[in-house]
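Notes for the structure review
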Amino acid sequence: MASLGDIGLSAAINLLSAFVFLVAFAILRIQPINDRVYFPKWYMKGLRSSPLHSRAFVGKFVNLDFTSYVKFLNWMPAALQMPEPELIDHAGLDSAVYLRIYLLGLKIFVPIAFLAFSVMVPVNWTNNTLARSNLTYSSIDKLSISNIPLGSNRFWTHLVMAYAFTFWTCYILKREYEVVATMRLHFLASQRRRPDQFTVIVRNVPPDADESVSELVEHFFLVNHPDHYLTHQVVYNAKKLSSLVAKKKKMQNWLDYYQLKHSRNQSARPTKRTGFLGLCGSKVDAMEFYITEIDKLSKDIELEREKVVQNPKSIMPAAFVSFRTRWGAAVCAQTQQTKNPTIWLTEWAPEPRDVYWDNMAIPYVSLTIRRLIIFVAFFFLTFFFMIPIAFVQSLANIEGIEKAAPFLKPFIEINFIKSLIQGFLPGIALKLFLIFLPTILMIMSRFEGFISLSGLERRAATRYYIFQFINVFLGSIITGSAFQQLDKFINQSANQIPKTVGVSIPMKATFFITYIMVDGWAGCAGEILRLKPLIFFHLKNFFLVKTDKDREEAMDPGTIGFNTGEPQIQLYFLLGLVYAVVTPFLLPYIIVFFGFAYVVYRHQIINVYNQEYESAAAFWPDVHGRIIFALVISQLLLMGLMSTKEAANSTPLLIALPVLTIWFHIFCKGRYEPAFIKHPLQEAMMKDTLERAREPNFNLKEFLQNAYIHPVFKGDEDNDSEVMSEGWEQEPAVVQTKRQSRRSTPLPSKHSGSVSPSSHSLHES
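Heads up: these notes are all about the structure in this document.

What counts and how
Residues numbered from 1 in each chain as written. Predicted model: local features only at pLDDT ≥ 70, side-chain atom pairs only at ≥ 80, totals over all residues. Heavy atoms only, no water. Helix = DSSP H or I, 4+ residues; strand = E, 2+ residues; numbered from the N terminus. Buried < 20%, exposed > 50% of the residue type's maximum accessible area, 1.4 Å probe, protein only. Contact = heavy atoms within 4.5 Å. Areas by Shrake-Rupley, 256 points an atom, 1.4 Å probe, with all protein chains shown as cover. Phe/Tyr/Trp six-rings, centres within 6.5 Å; stacked < 30°, edge-to-face > 60°. Disulfide = S-S within 2.5 Å. Pairing = 2+ DSSP bridges. Salt bridge = Lys/Arg side-chain N within 4 Å of Asp/Glu carboxyl O. Axes fitted to C-alpha atoms, helices over the stretch in contact; angles between N-to-C directions. Parallel < 35°, antiparallel > 145°, perpendicular 65-115°, else oblique. Left-handed = near helix turned anticlockwise from the far one by under 90°. Nonpolar A, V, L, I, M, F, W, Y, C, P; charged D, E, K, R; others polar. 1 Å grid on protein atoms, 1.4 Å probe; cavity = no way out; pocket = protein on both sides within 12 Å on 5 of 7 lines; lining within 4 Å. Points joined across faces, edges and corners; volume = space filled by probe spheres on them. Polar contact = N/O pair within 3.5 Å; in protein donor to acceptor, adjacent residues only side chain to side chain.

Let us look at the overall build of the protein chain. Regarding its fold elements, the protein chain presents 35 helices and 6 strands. Taken over 765 residues, the protein chain has a buried fraction of 50%. Once local pairs closer than 6 in sequence are excluded, the contacts in the protein chain between residues at least 24 apart make up 80%. Taken as a whole, the protein chain presents about 36500 Å² of accessible surface, with 62% of it coming from carbon and sulfur.

This part is about the packing of aromatic side chains. Summed over all chains, the structure comprises 39 aromatic pairs. Seen from their ring centres, Phe220 and Trp344 are 3.9 Å apart, and the 5 degrees between their planes marks the pair as stacked. With a gap of 124 residues between them, Phe220 in helix α11 (residues 213–224) and Trp344 in the loop between α14 (326–333) and β6 (345–348) connect regions that are remote in the sequence. The burial state of Phe220 is the same as that of Trp344; both residues are buried. Aromatic pair Trp254 and Tyr258: ring centres 5.9 Å apart, planes at 25 degrees, arrangement stacked. With Trp254 and Tyr258 both in helix α12 (residues 239–264) and 4 residues apart, this pair spans about one turn of that helix. For Trp254, a relative accessible area of 28% gives the class partly exposed.

Glancing now at the state of the cysteines. Inspection of the entire model under this criterion finds 0 disulfides. Summary of cysteine pairing: Cys668 is not part of a disulfide, and the nearest cysteine sulfur, belonging to Cys170, is at 7.7 Å. Owing to a relative accessible area of 0%, Cys668 belongs among the buried residues under this scheme.

Attention now goes to the pairing of strand β1 (residues 199–203). The side chains of a regular strand alternate between both faces of the sheet. A large share of β1 lies buried, amounting to 5 of its 5 residues. Side chains Thr199, Ile201 and Arg203 of β1 all project onto a buried face; the interleaved residues Val200 and Val202 project onto the opposite face, where all are buried too. As paired strands, β1 and strand β5 (residues 315–323) are joined by 5 bridges and run antiparallel to one another. Note that in β5 the partner of Val200 across the bridge is Val321. Taken together, the 4 bridges between β1 and β6 define a ladder with antiparallel strand orientation. Looking across to β6, one finds that Ile201 is bridged to Glu347.

For the rest of this paragraph, the subject is the pattern of salt bridges. This model, assessed by the stated rule, comprises 19 salt bridges. Across the pair Arg459 and Glu448 runs a salt bridge, and its minimum N-O distance is 2.9 Å. A residue pair is termed long-range when its members are at least 10 positions apart, and Arg459 in helix α21 (residues 453–477) and Glu448 in helix α20 (residues 437–448) qualify at 11 residues. A residue is classified by how much of its surface remains accessible, and Glu448, at 1% relative accessible area, is buried. One network of salt bridges, with partners in common, ties together Arg193, Arg326, Asp688, Glu691 and Glu695.

With their axes 9 Å apart at the nearest point, helix α10 (residues 155–190) and helix α27 (residues 562–582) run at an angle of 150 degrees to one another. In terms of axis orientation, α10 runs roughly antiparallel to α27. Crossing angle aside, the handedness with which α10 passes α27 is right-handed. On α27, the residues touching His158, Ala162, Phe165 and Thr169 of α10 are Leu577, Ala580 and Val581. The class makeup of the residues in the contact of α10 with α27 is 5 nonpolar, 2 polar and no charged.

This next bit is on empty space enclosed by the protein. If you walk through the whole model with that rule in mind, you get 5 cavities of 30 Å³ or more. When its volume is computed, the largest cavity comes out at roughly 260 Å³. Residue assignment for the lining of the largest cavity shows that the elements contributing at least two residues are α7 (93–125) and α21. Broken down by class, the residue content of the lining of the largest cavity amounts to 8 nonpolar, 7 polar and 5 charged. A volume near 100 Å³ is recorded for the second largest cavity. Around the second largest cavity, the lining residues are Ala162, Phe165, Thr166, Leu577, Val578, Ala580, Val581, Val582, Leu631, Ser634, Gln635 and Leu638. Looking at the lining of the second largest cavity element by element, the count peaks at 5 residues for α27. For the lining of the second largest cavity, the class distribution of residues is 9 nonpolar, 3 polar and no charged.

Quick look at the side chain of Gln337 now. Within the secondary structure, Gln337 is located in the loop between α14 and β6. With a relative accessible area of 14%, Gln337 lands in the buried category. Of the polar contacts made by the side chain of Gln337, one reaches the backbone oxygen of Thr335; its length is 3.1 Å. A distance of 3.4 Å separates a polar atom in the side chain of Gln337 from a polar atom in the side chain of Thr346.

The next thing to look at is the sheet that holds β6. Ordered in space as β2-β5-β1-β6, the 4 strands form an open sheet in which the pairing is antiparallel. Each of the sheet's edge strands pairs with one partner strand only, and the pair in question is β2 (229–236) and β6. Adjacent strand axes in the sheet meet at a mean angle of 25 degrees, parallel and antiparallel pairs treated alike. One ladder, built from 6 bridges, connects β2 with β5; its direction is antiparallel. Note on β5: the bridge partner recorded for Val234 is Ala319. Docked against the sheet, α14 engages β1, β5 and β6, running at close to 130 degrees with respect to β6.

Right, let's talk about the environment of Asn563 for a bit. Take Asn563: it is sitting in helix α27. Judged by its relative accessible area of 10%, Asn563 falls in the buried class. Residues Asn563 and Arg459 lie 104 residues apart in sequence; the distance between their C-alpha atoms is 7.8 Å. If near-sequence neighbours (up to four positions away) are discounted, Asn563 is found in contact with Pro438, Met442, Glu457, Ala460, Ala461 and Tyr464.

Remember, this is a structural readout, not a statement about activity or role.
Encoded structure:
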């Protein structure tokens, strides 16, 4: 077992690592050559220009202003200066609310830590239970519940603290839920006009022998939403077209490069070889070669585009349907369209940036099968991943290393090396094994068929949290192989599981403290250093960058990574709530993480990350639900632990805690969650009325007509989108059809220049 000295050494190592990372960042960020790596967001907004153009040769690479090195930590106060409303305008509501998760951690755990160290630590420390036993223990164990004798009345302190911590956590959660819900509604109400406010996506359009999907959609909404339907865009399966467009862009980039090269040296035209990777084959004029290739691809793209539009098999039974008002869109998105609940399914359309086009072509009927396959695959991934984790964890300790490599025993027994292994290696080993997990989970989410990037990330985040809970939390607490653990859980009664895990929790406090320091402290410092993007940017800039477009792509900062970041934060909430009563000594480490991470990620959101989409904080119910889950787990495990301590009088009173917590969750779900799922009709009507008064002549149809066209139909050239835009401009003209159901639309269309059949002609027919 590790002592306080070992923990202190581990803390010193991780603090030193974090400090080295921060100093390296402070120096690298002020070098002109790295400006695009550490401030890419301002370049993408067009508010920052490269310092390389206006400096002497040496000054382009090295910052010669030595006063800036003295102020190497000024990025911290600068990161905190931007007010939240300005931050929302700059980075979006998603980013601002994401930062509030870190603040939520501070609001919950700072008062809890103060109370725990004031009350529980003295109660635990003033016992001699461990000293009188023959057990091996550490100094940390003396501060934990393990130092309380069996059947002691002191357990009443832990019971009262469990209630206090639960009530405080629920109070903060309710207040934060209310604030975020208000922020979301205000954001949606005050936001400028966006296509998704007027658009729903309809799926599972039933087939019809007489009409195309486009005609079906038009007729259905003209009949059922006659006063509000404006236009629609069907969904195409354009995967082959996408690959052709991508290939053309690549060729165009090479042409730009050679044209730039020729403009710098007009005495000789650039050449290239036509063979593999340009290393073999005949030598040709590079510009003429790419001009010819681009012309061929343009013709192929045009043919494929016509084929996609004209081929009925390329049209999916789905469409984006836009309305004249937000009110009309809200009614359609939040109601059942027919008596058959399996067809004409409507939901709010993602904003155009949020649409994941690759999944739009997946038939709706296959989604259930896909999700069943992924459920089974995730189950096996979760439990079989325990095998390598258990193996590495067994090696990442003194006994495991000595058993695997006996010749290292004299070296390992040196006090410094021993402390280094116990305080640093387990956390690093676990972190390394989790590197590839997010990619695997995102692939699973894509296969499931989610049609928005936010939906993909939220599902991947849920799975990542489940995986962390089972493998990192439970897997690290319970010893033995994955199959032994699974067999142990299957063959024991459900009420024994909290007991089994609860007994092991105090013994694993040291491991989780080291994990928090490695992953939380050093990890956050490594995040702000951006070592991998820094190296890759300079490698791409030196070897691959040919044009300004290439440089922009090399500078791409990526996003905040909700699918990995939020579940990782939730693991700290889980550890904090579980150990608050059991081993309060862990709480300061979590507080340091939340405070440090808040500053780091605020800086990154302001200067680095590019907002890929805006969901208006739609993820907050997931955040709230996972903290509630962590709270209930902490209560159940405390009940299991207390039941082994012969605290018969106090333990039964803990049963009320999970009941009250679940009731609180149900209350919050009913009170605040609708703001994240539905859009109030009153708010929609108010916004519509204000806009009509301010802009009575605004052409909404023109605003919406290209919003939900597949990106491959929006080429660089103006004529690239002609085929698709024609469909929007002609909607919703009357379509000549054999269907008798057309008679259910007897009135002239209010939405187009054409006229429906008159009632007279209907009677004649």
